[in-house]
Amino acid sequence: MTRINLTVDGQRVADDVEPRMLLVQYLREKLGKTGTVVGCDTSNCGACTVHLDGRSVKSCNVLAVQADGGEVTTIEGLAGEDGQLHPVQEAFRECHGLQCGYCTPGMIMQTVDLLAENPSPSEEAIRLGLEGNLCRCTGYHNIVRAVQHAAGTTGAAEGASA
Amino acid sequence: MIPAAFGYVAPTSVEEALAALAEHGDDAKIIAGGQSLLPVLRMRLNAPEWVIDLGRIASLRGVRDGGDHLAIGAMTTHHDVGQDPMVHEHALLISKAITHLADAQVRHRGTFGGALAHADPAGDLGAPALALDAIFVVQGPGGSREIPAADFFVDLFETAISDDEILTEIRVPKYGGWGASYEKFVRIAHQWPIVAVAASVRLEGDTIAEARIGLTNMGSTPVRARATEQMLAGQPATEEGVAAAAALAADGTTPPSDLNGDADYRRHLATVLTRRAVLAAAGRG
């Protein structure tokens, strides 16, 4: 067992974990943060995306011990304390950027990272920025619209045809 | 799936890491960013008894101006290398290749040295490193030594790093003013390339003065397209000037055959992508 100390969604936590424990397992099974989901288990789909020290990572592809000393933000840490949705969460709801919703936590966490680096991305930059997140329902169109909506870059014509 | 159980050490200096490697030897695996290793451990394709994590060694991170070269710390993430203005100015080919490497999340964790030491012939960094004649600095019990890129890649997933050594730095000579392009052919997003071509060229007026070209996934290691490079020197930077040289790109290569395409198909792709890459590197794409 290895002792880890980290901050998850603003809360300090400390635990003894097996070195082989994945960060996503730690979040879900030790901390009960099941908002972060496991999709593919092969590090392809991005459903398990969280932020580690301010950058998006696939939490199925990080060991919990590698996150020792770090700061993790999950989908459960985005909304305000009063339940006010994060603007990106609000945009996904507004634009119906989901169907089954399984990929949504990862899509939203990756979108927050993308917009932090590039607040006004082109459609191509959005599609490239979400390259590591797979959605099997939507065909991505409404997801891209949701990101544009969150960024305030939705074109009038697109809005009319949506 | 989760990995088989292993012991874990996270040294904070290269010396400590070398000591851990000496102690655990064949039973140990080094983890850098882990973006290639962790999937392998989770699928239980490998089950080391010990994992030595280089993630706590601050001295292995960052890009430094070494005068006639850039010194890239082995543990610098792809994202940080890709965003570095010095890399953009002096080794544009590396910046270009990184924009095609995996996806944003993987680029935030994966490291420049880790990917090169992994030596996957379908990895996106080997061909640029080879084309730019990078120098690999490794540290072992007896001190440091330098390995030229041409000697670094030995075979599939095999490099010239000895079992008791750690890759610490990659030195890239400066190529200020050279154009560059990385042309990667994939069927789906964030796939490994079926074939990719890394090309950097120096123009004199409208003429290609020098060209450096590396091929990804055209053999068990990254390879140089030397016949193409030689023929390009002195050619006009036009479709006609480049086509004949690009047709030689696959000469002497032994590409794999798999579900994505057989060897002949890859040879064809290499010539097409080389033509596109050279023209794009020359600003004519």
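Reading the values: rules and limits
- Residues numbered from 1 in each chain as written.
- Chains lettered and ligands numbered in written order.
- Predicted model: local features only at pLDDT ≥ 70, side-chain atom pairs only at ≥ 80, totals over all residues.
- Heavy atoms only, no water.
- Contact = heavy atoms within 4.5 Å.
- Buried area = accessible area lost by both parts, 1.4 Å probe.
- Salt bridge = Lys/Arg side-chain N within 4 Å of Asp/Glu carboxyl O.
- Polar contact = N/O pair within 3.5 Å; in protein donor to acceptor, adjacent residues only side chain to side chain.
- Helix = DSSP H or I, 4+ residues; strand = E, 2+ residues; numbered from the N terminus.
- Nonpolar A, V, L, I, M, F, W, Y, C, P; charged D, E, K, R; others polar.
- Buried < 20%, exposed > 50% of the residue type's maximum accessible area, 1.4 Å probe, protein only.
- Pairing = 2+ DSSP bridges.
- Axes fitted to C-alpha atoms, helices over the stretch in contact; angles between N-to-C directions.
- Domains from an automatic or database assignment.
- Patch = residues over 30% accessible without salt bridge, like charges linked within 9 Å, V, L, I, M, F, W, Y side chains within 5 Å.
- Areas by Shrake-Rupley, 256 points an atom, 1.4 Å probe, with all protein chains shown as cover.
- Lys, Arg positive; Asp, Glu negative; His and termini not counted.
- Charge placed at Lys NZ, Arg CZ, Asp CG, Glu CD.

J.: Quick question: what am I supposed to make of the interface of chain A and chain B here?
T.: Where the parts come together, the accessible area they lose is often given as the size of the interface. Counting residues at the interface gives 32 residues for chain A and 28 residues for chain B. Counting the surface lost from both chain A and chain B, the interface buries some 2500 Å², and carbon and sulfur atoms represent 50% of this. Of all residues in chain A, R20, N61 and Q66 of chain A bury the most surface against chain B, accounting for 27% of the area lost on that side. Where chain A touches chain B, the interface holds two salt bridges. The partner of R42 of chain B in a salt bridge is D41 of chain A, and the shortest N-O contact between them spans 4.0 Å. In this assembly, chain A and chain B are joined by 15 residue pairs in polar contact (both at pLDDT 80 or more). Listing elements by their share of the side of chain A that touches chain B, those giving two or more residues are β3 (49-52), β4 (55-58) and α3 (104-117) of chain A. At four residues, the largest contribution of residues to the side of chain A that touches chain B is made by β4 of chain A. Among the residues making up the side of chain A that touches chain B, the classes are represented as 10 nonpolar, 13 polar and nine charged.

J.: What's the story with the environment of Q25 of chain A in this structure? I'm lost.
T.: Checked against the element boundaries, Q25 of chain A lands in helix α1 (residues 23-30). By relative accessible area, which is 14% here, Q25 of chain A ends up buried. Beyond its immediate chain neighbours, meaning those up to four positions away, Q25 of chain A contacts R20 and K30 of chain A together with I2 of chain B. Separated by 2.8 Å, the side chain of Q25 of chain A and the backbone nitrogen of L22 of chain A make a polar contact.

J.: Mind showing me how you'd approach the sheet that holds strand β7 (residues 143-148) of chain B here?
T.: Strand-to-strand pairing in sheets goes through backbone hydrogen bonds, with the strands running parallel or antiparallel. Residues and elements named next belong to chain B. What the five strands build is an open sheet, ordered β4-β5-β10-β6-β7; its pairing is antiparallel. Edge positions in the sheet fall to β4 (63-65) and β7, since each of these pairs with one other strand and no more. Direction aside, neighbouring strands of the sheet carry axes that sit 25 degrees apart on average. In the sheet, strand β5 (residues 69-73) pairs with strand β10 (residues 166-173) via five bridges, with the strands oriented antiparallel. Along β10, the bridge assignment pairs L70 with V172.

J.: So what exactly am I meant to see when it comes to the domain arrangement of chain B here?
T.: Residue and element names in this part refer to chain B. By the assigned domains, chain B splits into domain 1 (7-53), domain 2 (63-173) and domain 3 (179-281). Facing the 11 residues of domain 1 at the interface are 14 residues of domain 2. When domain 1 packs against domain 2, the two sides together hide about 970 Å² of surface, and 70% of this comes from carbon and sulfur. Taken together, the links from domain 1 to domain 2 amount to zero salt bridges. Summed over the shared surface of domain 1 and domain 2, the number is one residue pair in polar contact (both at pLDDT 80 or more). If one sorts the elements of the side of domain 1 that touches domain 2 by residue count, helix α1 (residues 14-24) sits on top with five residues. Residues of the side of domain 1 that touches domain 2, tallied by class, amount to six nonpolar, three polar and two charged.

J.: Would you mind going over the environment of E89 of chain B with me for this structure?
T.: Residue and element names in this part refer to chain B. For E89, the position within the fold is in helix α4 (residues 85-90). Residue E89 is classed as exposed on the basis of its relative accessible area of 53%. Taking the C-alpha atoms as reference points, E89 and D206, 117 residues apart in sequence, are found 21 Å from one another. In contact with E89, not counting residues within four places along its chain, are Y175, G176 and G177.

J.: Would you mind showing me how to read the side chain of E169 of chain B here?
T.: All names here are of chain B. For E169, the location among the structural elements is in strand β10. Owing to a relative accessible area of 14%, E169 belongs among the buried residues under this scheme. Looking at E169, its side chain comes within polar contact range of the side chain of R64, at 3.1 Å. A distance of 2.7 Å separates polar atoms of two side chains, one belonging to E169 and the other to R171. Beyond its immediate stretch of four places on either side in the chain, E169 contacts R64, A71, I72, A74, I135, F136 and V137.

J.: Would you explain a negative patch on the surface in this entry?
T.: Judged by side-chain charge, D26, D27, E49, D163 and D164 of chain B come together as a negatively charged surface patch. Summarising the element assignment, E49 of chain B is placed in the loop between α2 (37-42) and β3 (50-53).

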